[in-house]
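Summary of structural features
Each chain, letter by letter, is given below.
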Amino acid sequence: MPTAKEHSRKNEQLDRLNRINRVIREIDEALVEADTRAEIEQIVCERLTTFDPYQCIWIGDQDLTTETITPHAHAGDQNGFLESITLSTDTTSAKQGPVTTARQTRKVQVVQDVLTDPEFKPWRETALSHGFRACISIPLVYQKSVYGVLTLYTGSPNSFNELEKTVLTELGETIAHAIDAAETKQTLRTDSVTEVTLRIQESDNILTQLAHESQCETEFNFDGLVPQSDGSAHLFFTTHGVAPKDVLAGAKQVAGIAELQAIRDDEEQCVFEAIVTRPTLASHILENQGLIRSLTVTDTTINAVIDLPATTTVREFVETMQERYQSTELMTRRVHDRPIKSRHDLRNALTERFTERQREILETAYRSGFFESPRVRTGKELSETLDITQSTFSHHLREAQRRLCELVFENS
């Protein structure tokens, strides 16, 4: 027969579970009205602070630039706590901890006592000084997408039993579903794109193989791919701090590279043009409606930032990539507006990129028939009209054309 103390403890646990379930129902109701990811994250944090044991709540996600987990929203008595800690996503760092582990493994992480848990050692002193003794980190996962991590701190050790862990895990799934729905809705009703970041541990890729054969310790940066009518393609990429001769020598060992030349070389970087005769990762992305924002390659890993149009779902795109590259992992996704949506946007972009002289010369050349065949007016005639030398005219025109091409191919 249970003792009075055991009976009281069970009643307290049941009462606590009932109260947190009420809070979660309130959150569910509020999420229906939320339109954006930022709203959803802030609603969750603020509502959870009404549940007494939780002193500090925050939602964060990884920043690939800084290789850390960055807070998106928070509430409660954190008193500068988040600003005083660093949570690394670098697998070689000792400062990963439960939040990073939850993000990487997609499993809930519980620290029942920050005073004794060895995984929490890097932040122990800071957490104790803020009155925190236990925490739980819940990954926000919906289908194959991870939308960050929800973390809650309490002032008492051994605060999270299995029932509460289960309830909070379900809450994490609800939050992730709400974020996914909000971003999908935003994509459909606005001229938006979904930006995804993929990480691929893949050796069967031309640039990966080239980096390996060149014995390069730095990244290769993809610049562009121009398909040719015979099935080959011109692949452009940049290296940093690598001797061009090593890359040229490495290319001889890579099947699929018919020709490689350095088209620009200086002390800091070198731009290469390769003629490739077999499909590449870049061509696979482009064939599936992706727009490559950045693609960096080492001899073992590829990181790609890709824009997807509203007509392409993230799940379908990732599954298509995984059919060809099985190690493809979706790291982040977010919705943002297209940079060029109207003629007004285009004019603003031109104004930002061109000098007044470049725009003047480009527009004069266009309106004077310089680009027609045969030309209505020659470069010599236009330079005389503009009262500049022909070499100055040619220099400004080429620079304006280059910037116009950047604008077109970066936003196409």
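So, here's what we can say about the structure. (Residues numbered from 1 in each chain as written. Predicted model: local features only at pLDDT ≥ 70, side-chain atom pairs only at ≥ 80, totals over all residues. Heavy atoms only, no water.)

1. Some words on the pairing of strand β1 (residues 54-63)
Counting buried positions along β1 gives 8 out of 10 residues, so the element sits mostly inside the fold. Relative to strand β5 (residues 145-154), β1 is paired through 6 bridges, and the arrangement is antiparallel. Bridge pairing links C56 to Y153 in β5. Examined bridge by bridge, β1 and strand β2 (residues 68-76) share 8 bridges and lie antiparallel to one another. Note that in β2 the partner of I57 across the bridge is A75. Between the end of β1 and the start of β2, which pair antiparallel, lie 4 residues, with E67 showing a positive phi angle near 55°. (Buried < 20%, exposed > 50% of the residue type's maximum accessible area, 1.4 Å probe, protein only. Helix = DSSP H or I, 4+ residues; strand = E, 2+ residues; numbered from the N terminus. Pairing = 2+ DSSP bridges.)

2. What about the sheet that holds strand β13 (residues 329-337)?
Pairing between sheet strands relies on hydrogen bonds along the backbone, with the strands arranged either parallel or antiparallel. Read from one edge to the other, the open sheet built from 8 strands follows the order β9-β10-β8-β7-β11-β12-β6-β13, with strand pairing classed as antiparallel. Only two strands of the sheet have a single neighbouring strand rather than two, namely β9 (257-265) and β13. Taken pair by pair, the neighbouring strands of this sheet meet at an average axis angle of 20°, ignoring direction. Of the strands in this sheet, β7 (220-227), β8 (233-240), β9, β10 (269-276), β11 (291-297) and β12 (302-308) touch helix α6 (residues 206-213), which is tilted by about 45° from β8. (Axes fitted to C-alpha atoms, helices over the stretch in contact; angles between N-to-C directions. Contact = heavy atoms within 4.5 Å.)

3. Observations regarding the environment of S93
Structurally, S93 is set in the loop between β2 and α3 (97-105). The class of S93 is partly exposed, set by a relative accessible area of 23%.

4. Things to note about the nonpolar core
If you look at the biggest cluster of nonpolar residues, it comprises 40 residues, and the most contacted ones within it are L210, F220, L235, F237, V247, I257 and L295. Discounting chain neighbours no more than four positions away, the residues touching F237 are L207, L210, F220, N221, F222, D223, V247, L260, C270, V271, F272 and A274. I40, I59, V167 and I175 belong to the second largest nonpolar core, which has 36 residues in total. (Core = buried A, V, L, I, M, F, W, Y, C linked by side-chain atoms within 4.5 Å.)

5. Focus on a nonpolar patch on the surface
A grouping of L404, V408 and F409 is seen on the molecular surface, where their side chains present a nonpolar patch of about 280 Å² in accessible area. Within the secondary structure, F409 sits in helix α13 (residues 390-410). Judged by its relative accessible area of 59%, F409 is exposed. (Patch = residues over 30% accessible without salt bridge, like charges linked within 9 Å, V, L, I, M, F, W, Y side chains within 5 Å. Areas by Shrake-Rupley, 256 points an atom, 1.4 Å probe, with all protein chains shown as cover. Salt bridge = Lys/Arg side-chain N within 4 Å of Asp/Glu carboxyl O.)

6. Considerations on the packing of aromatic side chains
Across all of its chains, the model carries 10 aromatic pairs by this definition. Aromatic side chains F220 and F237 sit 5.5 Å apart centroid to centroid with 10° between the ring planes, which places their arrangement in the stacked category. Within this pair, whereas F220 is found in strand β7, its partner F237 is found in strand β8, the two being separated by 17 residues in sequence. On the basis of relative accessible area, F220 is assigned to the buried category, the value being 0%. An aromatic cluster is built from F51, Y54 and F160, whose rings are joined through pairwise contacts. (Phe/Tyr/Trp six-rings, centres within 6.5 Å; stacked < 30°, edge-to-face > 60°.)

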